[in-house]
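Secondary and tertiary structure notes
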Amino acid sequence: MLHSLAHQVERISKPDLLRPCVGRYAAVLFDLDNTLFDYDSYWGHRLRHALTEVCAAYPTLDVDALIAHAISKHIYAPRLPALLQQMGIDDLELCRRAQERYRHNDYSHLRLYDGAEAMLQRLRPTHRLGLITNGPVFTQRPKIEQFRLARMMDVLVISEEVGIAKPHPRIFQLTLRHLGVAPARALYVGDSLRYDLMGAMAAGVDFVWMNPHCLPLPADMPQPRAAIQHLEEILPIIER
Ligand SMILES: [Mg+2]
């Protein structure tokens, strides 16, 4: 676990560590999916593509409901055939072909949110930047590489690689320890209240909620430091 995180930290160059820090925060950490890009929309697009043959063979299938269910339950390719069979698709060969299409991680149409790269470039000279993402390496690593996030971040942490996942506070604490930044001087930006907000707060890290659809904050959730619809809105919060 530590070896894996240490491997990540090897990416940090000495000049990076010598960068001056200004303002209240020395480090700004980000979630990946649905924080730096709209992954749910992309996931829906990919599922719809995988289900093209199924929809043609079963025209009464409610594909919108199926896609919404698959996204909400985090159903990846291994569980797709079982889901299709639950929905009444009894052609097992058709299910297998849909699974094969879905298994293909083609992130080529995925795009960072507008302003994401400019925001990272703006913060890079003055702040340690990091990524903490939950998920398996086989899905998270290709996205990190596609967006060349290693050149903009000081540390990249994938939960499967380190053996700890959000909302456990230790994944934040380990990341910050390797950056040499105290939790009180770090800000985490994420879209998930359950994983990102609860994890950051348990670790003593300020949290900004990436909330592009202006969802209401449930009454039982602690208040984030701020909620934003666009990533560039964190700049005045950080530079205040
Ligand atoms: Mg997320």
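Residues numbered from 1 in each chain as written. Predicted model: local features only at pLDDT ≥ 70, side-chain atom pairs only at ≥ 80, totals over all residues.

Burial runs high along strand β2 (residues 128-133): six of the six residues are buried. Alternating residues of β2 divide into Arg-128, Gly-130 and Ile-132 and Leu-129, Leu-131 and Thr-133, and every residue in both groups is buried. Here strand β1 (residues 27-30) runs beside β2; their pairing, made up of four bridges, is parallel. Residue pairing for β2: Leu-29 is matched across the bridge by Gly-130. As defined by bridge partners, β2 adjoins strand β3 (residues 155-158) across four bridges and the pair is classed as parallel. Across the sheet, the residue bridging to Thr-133 is Ile-158, located in β3. One crossover worth recording links β2 to the parallel β3 by way of helix α9 (residues 137-146), and it is right-handed. (Buried ≥ 20, exposed ≤ 12 C-beta atoms within 10 Å, placed from the backbone. Helix = DSSP H or I, 4+ residues; strand = E, 2+ residues; numbered from the N terminus. Pairing = 2+ DSSP bridges. Right-handed = clockwise from strand over helix to strand, strands pointing away.)

With that settled, the discussion passes to the domain arrangement of the protein. Assigned domains within the protein: domain 1 (2-37 + 111-239) and domain 2 (39-103). When each unit is reduced to the centre of its C-alpha atoms, the spacing between domain 1 and domain 2 is 31 Å. (Domains from an automatic or database assignment.)

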